[in-house]
Amino acid sequence: MGLQGSPQAGSHWATSWAEGRAAAQTCGGKRGGSGRAVAMETLLWQVETLPGLLAVSRSGQVRDWDPPTVDRALQWGRYFQQLHGRFRAQPRLRAALGQRLRRRRQGPPLGFGHLGRCPELLGLALLGNRALPPAACHRLLRSLLLPPRGQATPGPCSLGLLARRRAAVQLLLLPPSSAPTRPGEPEPPLRTEAQLLLSRLQEDEEEQGLAGVLGQLPGPRVYRVLAALLLEQAGDDAGREGARPAAAVLSWLIGDLGRFSDFCRLLPGSLLVALSARYPQLGTPYLHLLISWGSRLRYDPLRGQWASSRCPSEDELSWEELRERFSCFMRGPAPLREAALASLKNLKTQDGDFEVCGLSVWTDLLLEMEAPLEREDRTLER
């Protein structure tokens, strides 16, 4: 998308912006009829150009920008921010503008909430674009720090947001750190991604719903980021507004068996037990999933061990991995340990309550799990 023929184009900018302000006033008022319909269509057309403006700001086309072009782009950013403030309390207009934004498939998906952050999004895109000429970059910095007369001075929150997100982008480009982290804590890059995702979920909740946002995220790394988000949110008071995304994330994960299976397969057992300890609604489905995986193992008498079925699939675990995941339950909090032991004992009884190895996977698992506990009890008795 070039600069010509769009609202951010130089020759058409002043007229389009003036028409837009008039259209916003008409749509925000109480007048009806054809005038309001035309004004609404003008607004929708202008909002639809925002993804293109952001895409151009990230591209090499900005090498042709001069300071006045930067001024026009930032002017549009502030205009879109004003639209957000004007229509955020009007559900029908907010939904129409959000739907029009999502029609354009340029860059990351946008929603109505992004209009309110348009100056920051635009500034972040331009600050990270090395193709922006020095003169235009100087004008950008000056405009962010010293806005034109009559415009509100950007508060430290906006500039701090730009700085944090720019630093986060740089951090996520670095190779993973080899520094050890405490058990149950995500690595710093994952924590940063989780915090950025949390911010977006909270912003887009009104319009798309959290499930809509999560459905647009790529896998499989997204599952590690979601686990980090859940760990971050676990310390929040359940009544706080910030804890709401955690409940939505859990509902999104558990609500689809294939998605939940992928989530559990990707994460280590120790992390899943840590999450289950903080979110009781996660522990039971995870335990049921382990039981489902275990029921597909078959005993190989020639090798004397449990093995995958004759037609192994991605949705299976080896005996070694299944044993390790149940061991994580044994090392976890007492309620999780007792729940896992109770399930294994019940399954052993259903299989015939054998005490001989190789007849029931649950007997063998139970023997593996109880042996360390018995050694621990004997140690305590001494």
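In the block above lies the structure referred to throughout.
Presented here is a report on the structure given in the accompanying data block. (Residues numbered from 1 in each chain as written. Predicted model: local features only at pLDDT ≥ 70, side-chain atom pairs only at ≥ 80, totals over all residues. Heavy atoms only, no water.)

Brief notes about the nonpolar core
In step 1: Counting residues in each nonpolar core, the largest one holds 55 residues, and the members touching the most others are L226, L253, F263, L275, F326 and F329.
In step 2: Per element, the largest residue contribution to this core is nine residues, and it comes from helix 12 (residues 221-233).
In step 3: When sequence neighbours within four positions are dropped, the list of residues in contact with F329 reads V273, Y286, L287, L290, L336, R337 and A340. (Core = buried A, V, L, I, M, F, W, Y, C linked by side-chain atoms within 4.5 Å. Buried < 20%, exposed > 50% of the residue type's maximum accessible area, 1.4 Å probe, protein only. Helix = DSSP H or I, 4+ residues; strand = E, 2+ residues; numbered from the N terminus. Contact = heavy atoms within 4.5 Å.)

What about the pattern of salt bridges?
In step 1: With the rule as written, the count across this model stands at nine salt bridges.
In step 2: When the shortest N-O distance is used, the salt bridge between R331 and E324 registers 3.0 Å.
In step 3: What makes E324 partly exposed here is its relative accessible area of 40%.
In step 4: With a closest N to O distance of 2.9 Å, K348 and E355 form a salt bridge.
In step 5: Taking relative accessible area as the criterion, K348 reaches 8% and is therefore assigned buried. (Salt bridge = Lys/Arg side-chain N within 4 Å of Asp/Glu carboxyl O.)

A few points about the environment of R331
In step 1: Tracing the chain through its elements places R331 in the loop between helix 17 (319-330) and helix 18 (334-350).
In step 2: Under the relative-accessibility criterion, R331 is labelled exposed at 56%.
In step 3: For R331 and V273, which are 58 residues apart along the polypeptide, the C-alpha to C-alpha distance reads 9.0 Å.
In step 4: A distance of 3.0 Å separates the side chain of R331 from the side chain of E324, its partner in a polar contact. (Polar contact = N/O pair within 3.5 Å; in protein donor to acceptor, adjacent residues only side chain to side chain.)

Considerations on helix 16 (residues 280-294)
In step 1: The end-to-end C-alpha distance of helix 16 is 22 Å, a good match for the 21 Å that 15 residues give at a rise of 1.5 Å each.
In step 2: Within the span of helix 16, buried status applies to L282, G283, Y286, L287, L289, L290, I291, W293 and G294. (Expected span 1.5 Å × (residues − 1).)

Quick notes on the packing of aromatic side chains
How two aromatic rings sit relative to each other is given by the distance of their centres and the angle of their planes.
In step 1: Across all of its chains, the model carries eight aromatic pairs by this definition.
In step 2: Ring centres 6.5 Å apart and planes at 25° place the aromatic pair F260 and F263 in the stacked group. Of this pair, F260 and F263 both sit in helix 14 (residues 257-266), separated by three residues, roughly a single helical turn.
In step 3: Accessibility expressed as a relative area gives 3% for F260, which makes it buried.
In step 4: Overall, F263 belongs to the buried group, its relative accessible area being 0%.
In step 5: Members of the aromatic cluster, each reached through a chain of ring pairs, are W76, Y79 and F80.
In step 6: One cation-aromatic arrangement involves R259 over W252; the distance from NZ or CZ to the ring centre is 4.1 Å. (Phe/Tyr/Trp six-rings, centres within 6.5 Å; stacked < 30°, edge-to-face > 60°. Lys NZ or Arg CZ within 6 Å of the ring centre and 35° of its normal.)

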